[in-house]
Amino acid sequence: DLNYRRSFAVVLLGILVMFSMVMTGPAPSIKLEIKLYSTTTLVLLMIICLWRLLNYVARSGLGVKGTLVLLRTPDGRVVVGKGEQIRYSGSFLVIDDVIMPLGNWRSRQGSEKKGLWDRQQLQELLAPALKDAQKLSPLEAWLLPWQLRFWPLLSFSVLTLVLLLLMIGLAIAKYSGVIGH
């Protein structure tokens, strides 16, 4: 069960909130056209990247049979792993050089949030298969998509970082007096 539409809507809402913060933010004297063009371009690119990431997940497959975990990529490539062949974090699963986004599937008890996949099935079927798998540290989880060149996730992450840096830069410029009042 894939809940990517809800995930898309939530992330899109976050992108639009960041967009409105930049547009109404601390640098009103910068020409509106410059802010509008730069942030609109970034927001549109982020939406495209998000759509590509969710499309990747929607066309992929994840299977579990006992201790074996199977990942199918959108291009039909299938990898199977078990035990230490599998690496995972709270948001994705890796076998060989294939990354499968999972969303935040290890939710707190009683949480009603939806992920990319059905959380109950992941908890019941996938969690036992990960008993002997390698849990990635936060740093490893951040570096691995870069090392494996997983572009659907990397492009969205980079654009999110650029938009945040734009917001911070505008705020610093405004409050340091670089940008006129």
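Residues numbered from 1 in each chain as written. Predicted model: local features only at pLDDT ≥ 70, side-chain atom pairs only at ≥ 80, totals over all residues. Heavy atoms only, no water.

J.: Help me understand the overall build of the protein in this model?
T.: A tally of helices and strands in the protein yields 5 helices and 7 strands. Reading the secondary structure of the protein in the N-to-C direction produces α-α-β-β-β-β-β-β-α-β-α-α. When contacts within the protein are restricted to residue pairs at least 6 apart in sequence, those whose partners lie at least 24 apart make up 58%. For the protein, the accessible area works out to roughly 10800 Å², and carbon and sulfur atoms hold 62% of it. (Helix = DSSP H or I, 4+ residues; strand = E, 2+ residues; numbered from the N terminus. Contact = heavy atoms within 4.5 Å. Areas by Shrake-Rupley, 256 points an atom, 1.4 Å probe, with all protein chains shown as cover.)

J.: Looking at this model, I keep getting lost on the packing of aromatic side chains. Mind explaining?
T.: When we look at a pair of aromatic rings, we describe it by the centre distance and by the angle of the planes. On inspection of all chains with the given rule, the structure shows 2 aromatic pairs. Ring centres of tyrosine 56 and phenylalanine 150 lie 5.0 Å apart, and the angle between their planes is 80°; on these two criteria the pair is classed as edge-to-face. Taken together, the positions of tyrosine 56 in helix α2 (residues 32–58) and phenylalanine 150 in the loop between α4 (138–147) and α5 (151–175) put the pair 94 residues apart, joining distant regions of the chain. Summarising the burial analysis for this pair, tyrosine 56 and phenylalanine 150 share the class buried. Taking the centre distance of 6.1 Å and the plane angle of 45° together, the rings of tryptophan 142 and tryptophan 146 count as tilted. Separated by 4 residues within a single helix, tryptophan 142 and tryptophan 146 lie in helix α4, roughly one turn from each other. (Phe/Tyr/Trp six-rings, centres within 6.5 Å; stacked < 30°, edge-to-face > 60°. Buried < 20%, exposed > 50% of the residue type's maximum accessible area, 1.4 Å probe, protein only.)

J.: Even after reading the chapter, I still don't get a nonpolar patch on the surface, so can you show me in this structure?
T.: Taken together, the side chains of Leu139, Trp142, Leu143, Trp146, Val158 and Val162 define a hydrophobic patch exposed on the protein surface, amounting to about 540 Å² of accessible area. Sorting the residues of the nonpolar patch by element identifies α4 and α5 as the ones contributing at least two each. In terms of residue count, α4 provides more of the nonpolar patch than any other element does, 4 residues in total. Tracing the chain through its elements places valine 158 in helix α5. (Patch = residues over 30% accessible without salt bridge, like charges linked within 9 Å, V, L, I, M, F, W, Y side chains within 5 Å. Salt bridge = Lys/Arg side-chain N within 4 Å of Asp/Glu carboxyl O.)

J.: Hey, could you run me through the sheet that holds strand β3 (residues 78–81) in this one?
T.: Strand order in the open sheet formed by 3 strands is β1-β2-β3, with antiparallel pairing between adjacent strands. A strand with exactly one partner marks an edge of an open sheet, and here the two such strands are β1 (61–65) and β3. Ignoring strand direction, the axes of neighbouring strands in this sheet form an average angle of 15°. Relative to β3, strand β2 (residues 68–72) runs antiparallel, the two being bridged by 4 bridges. Counted as the bridge partner of arginine 72 is valine 78 from β3. (Pairing = 2+ DSSP bridges. Axes fitted to C-alpha atoms, helices over the stretch in contact; angles between N-to-C directions.)

J.: Any chance you could explain unusual backbone geometry here in plain terms?
T.: Across residues other than glycine, the phi torsion is negative in most instances, and most of the peptide bonds are trans. Located in the positive-phi region is aspartate 96, a residue other than glycine, with phi close to 55°. Within the fold, aspartate 96 resides in the loop between β5 (92–95) and β6 (98–101). What makes aspartate 96 partly exposed here is its relative accessible area of 48%. Of note, arginine 149 is a non-glycine position whose phi angle comes to about 55°, a positive value.

J.: Is there a simple way to explain the sheet that holds strand β7 (residues 134–135) in this structure?
T.: Where strands meet in a sheet, backbone hydrogen bonds hold them as pairs that are either parallel or antiparallel. Taken together, 4 strands build an open sheet; the order of strands is β6-β5-β4-β7 and the sheet is mixed. Strands with a single pairing partner mark the edges of an open sheet, and in this sheet they are β6 and β7. For strand β4 (residues 86–88) and β5, the ladder comprises 3 bridges, and the chain directions are antiparallel. Its bridge partner being in β5, arginine 87 is matched across the sheet by valine 94.

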